[in-house]
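# Coordinate inspection notes
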Amino acid sequence: MLGLKFEEEEESGRAARLSKSLQKNKTVLVILDDIWEELSLENIGIPHGDAHRGCKVLLTSRKQGVLSRKMGTQKNFRVQHLCEEEAWSLFKKTAGDSVEQLKSIAIKVLGECDGLPVAIVTVAKALKGESDEAVWNNALLELENSAAINMEDVHEKVYSCLELSYNHLKGDEVKRLFLLCGMLGYGDISLDQLLNYVMGLDLFEHVSSLEQIRNKLVTLVKILKDSSLLLDAEDNRYRYAHEWPGVFFGYNDENKFVKMHDVVGDVARAIAAKDPHRFVVIKEALGLEELQRKEEFRNCSRISLQCGDLRELPERLVCSKLEFFLLNGNGPSLRIPNTFFQETELLKVLDLSATHLTPLPSSLGFLSNLRTLRVYRYTLQDMALIGELKKLQVLSFAFCEIERLPKEFMQLTDLRALDLSDCSHLEVIPQNVISSLSRLEHLCLAKSFTKWGAEGFGSGESNNACLSELNNLSNLKTLCIEIRDPNLLSKDLVFEKLTRYAISVSELEYYLYNRSPRRLELRGVNKPRLLDCFSKLFKTVEDLVLAGLEDTKHVLNEFDTDDFLQLKRLVISCCPGIQYIVDSTKGVPSHSALPILEELEIYDLKNMDAVCYGPIPEGSFGKLRSLEVSGCTRLKSFISLPMEQGRDGWVLPEMGSLDSTRDFSSTGSSATQELSRSDVPTPFFNEQVTLPSLKDLTMFNLDNVIAMWHNQLPLESCCNLKRLFISECNKLLNGE
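Given the structure is predicted, the values throughout are model-derived calculations rather than measurements.

## With respect to the overall build of the chain
Per the secondary structure count, the chain includes 19 helices and 23 strands. Looking at the chain as a whole, 51% of its 736 residues qualify as buried. Considering only contacts within the chain whose residues lie at least 6 apart along the sequence, 63% involve residues at least 24 apart. On the chain, roughly 34600 Å² of surface is accessible, and the fraction owed to carbon and sulfur atoms is 47%.

## Focus on the packing of aromatic side chains
Applying the stated rule across the entire model yields twelve aromatic pairs. Relative to Phe341, the ring of Phe325 has its centre 6.2 Å away and its plane inclined at 75 degrees; by these criteria the two rings are edge-to-face. Placement of the pair is Phe325 in strand 7 (residues 324–328) and Phe341 in the loop between strand 7 and strand 8 (349–353), with a sequence separation of 16 residues. Using a relative accessible area of 1% as the deciding quantity, one classes Phe325 as buried. On the basis of an interplanar angle of 25 degrees and a centroid distance of 5.7 Å, the ring pair of Phe495 and Phe534 is categorised as stacked. Note that Phe495 is positioned in the loop between strand 13 (478–483) and strand 14 (500–505) and Phe534 in helix 15 (residues 527–534), a separation of 39 residues in sequence. A single burial state applies to Phe495 and to Phe534, both of which are buried. Aromatic rings pair up to connect Trp88, Phe91 and Trp136 into one cluster.

## Regarding the sheet that holds strand 20 (residues 610–613)
One open sheet accounts for three strands, arranged 18-20-22; its pairing is parallel. The open sheet has two edge strands with one neighbour each: strand 18 (582–583) and strand 22 (637–640). With two bridges joining them, strand 18 and strand 20 adopt parallel strand pairing. Directly across from Asp583, in strand 20, lies its bridge partner Tyr613.

## Some words on the side chain of Ser160
With respect to the helices, strands and loops of the structure, Ser160 is situated in helix 7 (residues 156–167). The exposure class assigned to Ser160 is buried, which follows from its relative accessible area of 6%. There is a polar contact of 2.9 Å between the side chain of Ser160 and the backbone oxygen of Lys157. In this structure Ser160 touches Leu143 and Ser146, once residues within four positions along its chain are discounted.

## Looking at the pattern of salt bridges
Here the idea is simple: oppositely charged side chains can pair when their charged atoms come close. Evaluation of the coordinates by the stated rule reveals 28 salt bridges. Arg62 is paired through a salt bridge with Asp262; the nearest N and O atoms lie 3.2 Å apart. Taken as a pair, Arg62 in the loop between strand 2 (55–59) and helix 2 (64–70) and Asp262 in helix 11 (residues 262–272) lie far apart in primary sequence, 200 residues in all. On the basis of relative accessible area, Asp262 is assigned to the buried category, the value being 13%. Residue Lys606 is joined to Asp604 by a salt bridge in which the shortest nitrogen-to-oxygen separation is 3.8 Å. Through salt bridges with shared partners, a single network forms among Arg519, Glu521, Arg523, Asp543, Arg569, Glu599 and Glu601.

## Topic: helix 10 (residues 210–226)
For helix 10, which comprises 17 residues, the first-to-last C-alpha distance of 24 Å matches the rise-based estimate of 24 Å (1.5 Å per residue) to within 8%. Looking at helix 10, one finds that the buried residues are Leu210, Ile213, Arg214, Leu217, Leu220, Val221 and Leu224. Taken around the axis of helix 10, the buried residues stretch over an arc of 135 degrees, which confines them to a single face. On its buried face, helix 10 sits against helix 8 (172–183), helix 9 (191–201), strand 4 (258–259), strand 11 (417–419), strand 12 (442–444) and strand 14. Looking one or two places after helix 10, you find Ser228, whose phi comes out positive at around 65 degrees.

## Concerning the pairing of strand 16 (residues 543–547)
Counting buried residues along strand 16, five of its five residues qualify, which places the element largely inside the surrounding structure. Residues of strand 16 alternate between two faces, with Asp543, Val545 and Ala547 on one and Leu544 and Leu546 on the opposite face, all of them buried. As defined by bridge partners, strand 15 (residues 518–523) adjoins strand 16 across five bridges and the pair is classed as parallel. Within strand 16, the residue paired with Leu520 across the bridge is Leu544. In this region the chain leaves strand 15, passes through helix 15 and returns to the parallel neighbour strand 16; the handedness of that crossover is right-handed. Taken together, the five bridges between strand 16 and strand 17 (residues 569–573) define a ladder with parallel strand orientation.

## Quick notes on a nonpolar patch on the surface
Nonpolar side chains collect at one region of the surface, where Leu2, Leu4 and Phe6 lie side by side and expose about 240 Å² of accessible area between them. Inspection of the secondary structure assignment puts Leu4 in the segment before helix 1 (11–23). Classification of Leu4 as partly exposed rests on a relative accessible area of 32%.

## Some details on the nonpolar core
Judged by nonpolar contacts, the single largest core of 112 residues is most densely connected at Phe325, Ile386, Phe397, Ile503, Phe534, Ile581 and Ile602. Contacts of Ile386, omitting those with residues within four sequence positions, involve Leu360, Leu373, Leu392, Leu395, Phe397, Phe409 and Leu412. Within the second largest apolar cluster, 70 residues are counted, among which are Ala119, Val158, Val221 and Val267.

## Digging into helix 9
Of all eleven residues that make up helix 9, eleven are buried, and the element is covered over most of its length. Looking at helix 9, one finds that the buried residues are Leu191, Asp192, Gln193, Leu194, Leu195, Asn196, Tyr197, Val198, Met199, Gly200 and Leu201. The positive-phi residue at the C-terminal boundary of helix 9 is Asp202, with phi of around 55 degrees.

## Let's talk about the environment of Lys24
Of note, Lys24 is situated in the loop between helix 1 and strand 1 (28–32). Once the C-alpha coordinates of Lys24 and His52 are considered, the two residues, 28 residues apart in sequence, prove to be 10.0 Å apart.

Rules and cut-offs
- Residues numbered from 1 in each chain as written.
- Predicted model: local features only at pLDDT ≥ 70, side-chain atom pairs only at ≥ 80, totals over all residues.
- Heavy atoms only, no water.
- Helix = DSSP H or I, 4+ residues; strand = E, 2+ residues; numbered from the N terminus.
- Buried < 20%, exposed > 50% of the residue type's maximum accessible area, 1.4 Å probe, protein only.
- Contact = heavy atoms within 4.5 Å.
- Areas by Shrake-Rupley, 256 points an atom, 1.4 Å probe, with all protein chains shown as cover.
- Phe/Tyr/Trp six-rings, centres within 6.5 Å; stacked < 30°, edge-to-face > 60°.
- Pairing = 2+ DSSP bridges.
- Polar contact = N/O pair within 3.5 Å; in protein donor to acceptor, adjacent residues only side chain to side chain.
- Salt bridge = Lys/Arg side-chain N within 4 Å of Asp/Glu carboxyl O.
- Expected span 1.5 Å × (residues − 1).
- Arc of directions from axis to C-beta.
- Right-handed = clockwise from strand over helix to strand, strands pointing away.
- Patch = residues over 30% accessible without salt bridge, like charges linked within 9 Å, V, L, I, M, F, W, Y side chains within 5 Å.
- Core = buried A, V, L, I, M, F, W, Y, C linked by side-chain atoms within 4.5 Å.

What follows is the structure in structure tokens.
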């Protein structure tokens, strides 16, 4: 809200910038929600007291002592439990009106929630749709007989209600996923990360491929959200590059990071700490050696060590039953002793996240049962020992400094997912390493390896992998790669079976933000290579960028009119040969043209006369919401009709948000013909434009369009057009 962009790395620098900005406001309210421990307002740049009398600070916390004793708050307001009427209203709204038929028992169940909203909502959702009175009576009994548990800052009624909600989850798989999320519940949890863990722990039954596991994961996450045991993460989750989701999910609704309410997380970890789960989550590094002496620690199956203050580890991790180990610490001097994993042979999942460690411990070779290895931000040199981990199925080295992959990786014949994203130093992948990973389903090389070898260049160890090795991966479903040289594409390279992809072919580096699970960025690729390599993907692509095409005049017609039915975003730039995107005079499409396209961007198409030439079927461009035009000096109209159609030619009847926007149809011939016949060109817009559905158009670069015609239209016409556009916008804002 302050419009600040923090560029300083040090907290003190950011604090100074924030303080300076807040001081500019005469009166300002700062809200700090959910304070867990004492916090120095001065250290984070929030002025108060004599420093800024107009700055008021509101704190919320579940710990009254933190506010009154440690923070020295001047006024304290206790949030009371809901009264009976409010509690019943919330319970009924959440569980549904059908609870009226069971009102007598439902009110008793509600009484066990003690007016606490988080308890009311979770119990109501757990029993939603249950019409059997026996189920409600059993739930009441469970709540009444729930064993008291001493948990700091968690009301015992909240614990019993959340435990009831957990017990009412249908199936062991969703319960196991809930407990796993509880181990990761300090902050946002990515579905990509969960997928890696689920695969390694073999958490789901009757699924084998990554695609099946992904679908099951999405389904169970939805169940947990519907039960209020998981929440969507905030929209500002992408604060850092490494928080962007992986291509396996793509940037869409399915891939929103999830999180747990901190109370729910506390309860999940309390449940997980009991038999038979034996999970341990450690947030403080002090006493790690002492913990190892306790039997419950030595017998646990999962450990999540999330300690920012961790400086050293014991020589050995003495946990013979351990299957899952997450180490998330950022101590600059932290190292893993070589003998650390010698007594954890049952380990299935190992995550060394944000630890900045180098090198990898030699005891990794003892982990013969390891299925998932996730390493983050390491400087890695000798990785040959990883080739000994024959049961590995998931291997991720995101953001690691790696210069070459060892040829020993050829032994990882059971590998299903290989993530080398953001390994910007990776220059060598020996030939036959990729083709040896015959069971690979997921390969991500975004912002990573680009030095693909040329076909037939030799087979020496120093020669890099060729693109043709991808043809040997018959199970490959997800691919994210960058190709610098379009000449490396061959007609034998057919990405036929991919279901998710982000593929860039460009001499320049363009970061592949995963706006969609199916994205192509093709620059400087000639038409034969486009058709040979990507024609199969044109049927499923959602986000398509085409640039530098020298041999294309009509995009849809020349790339097969049956394609692009899934396309939502289309960007075309610097293609001097393109006259139209659709030319129905070359053959009327058998279906609507680009029926679900939402965004269209066209730049520097010097010879484009119109977007469409000739009549096209109803429903074409029916979902278009955003249009950007720049540098298209001949463009006059969205649709141009042939001469024989007459001046009152065909107008798009099913344009969706633009159905009555007359400037998107031409009243004559193509742009070239119109310019030759008339001294006054037909503008892309005209003064008779009507915009009744403007509220659906989220973005239109009007200035760029006007700029195209400022030399051909009178200045007065441009000004009238802009005034008209602004006037229509104001009418919408005023509800007219």
